[in-house]
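Analysis of the macromolecular model
One letter stands for each residue in the lines below.
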Amino acid sequence: KSHGKSARLLREVLIVFQFTISIILIIGTIVVYKQLQYLRNKDLGFKKDFIVTMSLNAEISNNKESFRENLLNHPQIEKVSYSYTVPGGGDNWEGFSLDGEEFSTVVYQIDPEYIELMGMEMVEGRNFSADLITDKQSSCLINETLAKDLDRDSLVGKHFDHPSWYITAIPVKEIEILGIVKDFHYKSLREEIGPLMFVWGEDWTNYINIRIITFKSNRYPSR
């Protein structure tokens, strides 16, 4: 219809409908843009750029150190580290106690290179040392969230009691706290950062992490 009141009403309804759809699309575009900007600029607590991560096969798992050395011989590889998982990967919960207070936390196995390779920060204490074999499996690092949950004045140097487990990433009954790692997002950004413990071990390492040196770094001239 092109004439009469009903035609005018129909045109007005269509115009309002079109404007409404346009406003919804504009709002949706703005929301998506802000979400993308948030993801690009959000401080994750670690440096994800120039890191290549691969899952391990049986051959590499049986020759970790020689494979690491071969990779480090390449001029564009700066660091190599093995880990249980990668940020955003699976969880491994285990139970502990401190001064009789029981708690559970996510436990990840890493090696001494992992913290520096991922650009994470130590806020107290120290990282694992490759020169101290006593650090292996008998000590741990915890994140700030776990330290806050335990609510102690000083945790570095204290020991967690660890009951016997049939399947565990820590085959010891007592584990020393070496240091506290600044919180980082190891799950989706939709979830709050939870308690986390790092231990130095090799049995539960499923990934290799490789930090690449770019030609823009100080070690190489720009091209």
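For the structure, check the block above.
Residues numbered from 1 in each chain as written. Predicted model: local features only at pLDDT ≥ 70, side-chain atom pairs only at ≥ 80, totals over all residues. Heavy atoms only, no water.

**Re the nonpolar core**
- Residues M120 and F198 are the most contacted members of the largest nonpolar core, which totals 21 residues.
- Looking at this core, the elements that each hand over two or more residues are β4 (101–110), α4 (114–117), β8 (174–181) and β9 (196–200).
- Judged by nonpolar contacts, the second largest core, of 18 residues, contains F96, F103, V107 and I180. (Core = buried A, V, L, I, M, F, W, Y, C linked by side-chain atoms within 4.5 Å. Buried < 20%, exposed > 50% of the residue type's maximum accessible area, 1.4 Å probe, protein only. Helix = DSSP H or I, 4+ residues; strand = E, 2+ residues; numbered from the N terminus.)

**Quick word on the side chain of T105**
- Note that T105 resides in strand β4.
- Take T105: its relative accessible area is 0%, and that puts it in the buried class.
- Once residues lying within four places of it in the same chain are set aside, the contact partners of T105 are N92, W93, E94, F96, L146, P195, L196 and M197. (Contact = heavy atoms within 4.5 Å.)

**Notes on unusual backbone geometry**
- With phi around 65°, F50 is a residue other than glycine that occupies positive phi space.
- Among the secondary structure elements, F50 is positioned in the loop between α1 (5–41) and β1 (51–55).
- If you check the backbone angles, D99 has positive phi at about 55° while not being a glycine.
- Residue placement: D99 occurs in the loop between β3 (93–98) and β4.
- For D99, a relative accessible area of 59% translates into the label exposed.

**Quick notes on the side chain of D111**
- With respect to the helices and strands, the residue D111 is situated in the loop between β4 and α4.
- Classification of D111 by relative accessible area gives buried; the value is 5%.
- Within the local environment of D111, its side chain forms a polar contact with the side chain of S81, the two groups lying 2.7 Å apart.
- Discounting chain neighbours no more than four positions away, the residues touching D111 are R68, S81, Y82 and W200. (Polar contact = N/O pair within 3.5 Å; in protein donor to acceptor, adjacent residues only side chain to side chain.)

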